Amino acid sequence: MKCEVSKQTILTQLTRIEQFHIFVGDLSSEIETQQLREAFAPFGEVSNKEVSINSYTKKRIAPPLRTAMHIIISCEMKNSCTTINVARRTDCRVVRDPQTLKSKGYGFVSFIKKSEAESAITAMNGQWLGSRSIRTNWATRKPPASKVNG
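Per chain, the residues get numbers from 1 upward, laid out in the order the sequence is written. For a predicted model such as this one, the threshold for reporting local features is a pLDDT of at least 70, and the threshold for listing and counting side-chain atom pairs is 80 or more; totals across whole chains, interfaces and linings nevertheless cover every residue. Water and hydrogen atoms play no part in the side-chain values, which are based on all heavy atoms of the structure.

An unreviewed UniProt entry lists the protein under the name RRM domain-containing protein, from Glossina pallidipes.

Written out as structure tokens, the structure reads:
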């Protein structure tokens, strides 16, 4: 069945949804994503769940997520009421080299609540995870690479 939800409806719902991203640096090479998630779980809900938004009632059916860069959208029809399924790829990950798959020594963790992310940054900065003391801070986006005309 064709999804009858407009692009604007989806974008409107997504702009109301927020996540708070933490940079975790100085990770030891043996740390896996699951260990990172477990280390930060005591501070609150680490974003990694699926959310459904009912376009008829405009209500979320699960914890919120954010930005089209991090989501997969699918639609389904149920009793003439469209539900938008938004699924996280992952919001806790150790960054790896694409060729060697070795850890690059840093990762990211995202929280649904800002207060939980703030607590995690404060409490985890300088703590030992595996064989190293980690650094935590708010994640920032890299500016796009500039194109060189030549």
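Next comes the rest of the description.
Undergrad: I tried to follow the overall build of the protein on my own but got confused; where do I start?
TA: Counting its secondary structure elements, the protein contains three helices and ten strands. Helix and strand labels come from DSSP, where a helix needs a run of H or I of at least four residues and a strand needs a run of E of at least two; each type is numbered from the N terminus. For the protein, the sequential pattern of α-helices and β-strands runs α-β-α-β-β-β-β-β-β-α-β-β-β. For every residue, the accessible area obtained with a 1.4 Å probe (protein chains only) is divided by the maximum for its type, and the residue is called buried under 20%, exposed over 50%, and partly exposed between those limits. The proportion of buried residues among the 150 residues of the protein is 37%. Between two residues, a contact is recorded if the distance between any of their heavy atoms is within 4.5 Å. Counted over contacts in the protein with a minimum sequence separation of 6, partners at least 24 positions apart contribute 67%. When the accessible surface of the protein is split by element, carbon and sulfur atoms take 51% of a total near 9,600 Å². Methods summary: accessible areas were calculated by the Shrake-Rupley approach with a probe of 1.4 Å, and residue burial reflects only the protein chains presented.

Undergrad: It is not clear to me how the pairing of strand E6 (residues 92-96) should be interpreted in this structure. Could you clarify?
TA: Each regular strand carries side chains that alternate between the two faces of the sheet. Pairing analysis gives four bridges linking E6 to strand E7 (residues 103-111), with the strands arranged antiparallel. When the sheet's bridge partners are listed, cysteine 92 is paired in E7 with valine 109. Two strands are said to pair when DSSP picks up at least two bridges between them. The antiparallel pairing of E6 with E7 creates a hairpin that spans six residues between the two strands, and leucine 101 there sits at a positive phi of about 65 degrees.

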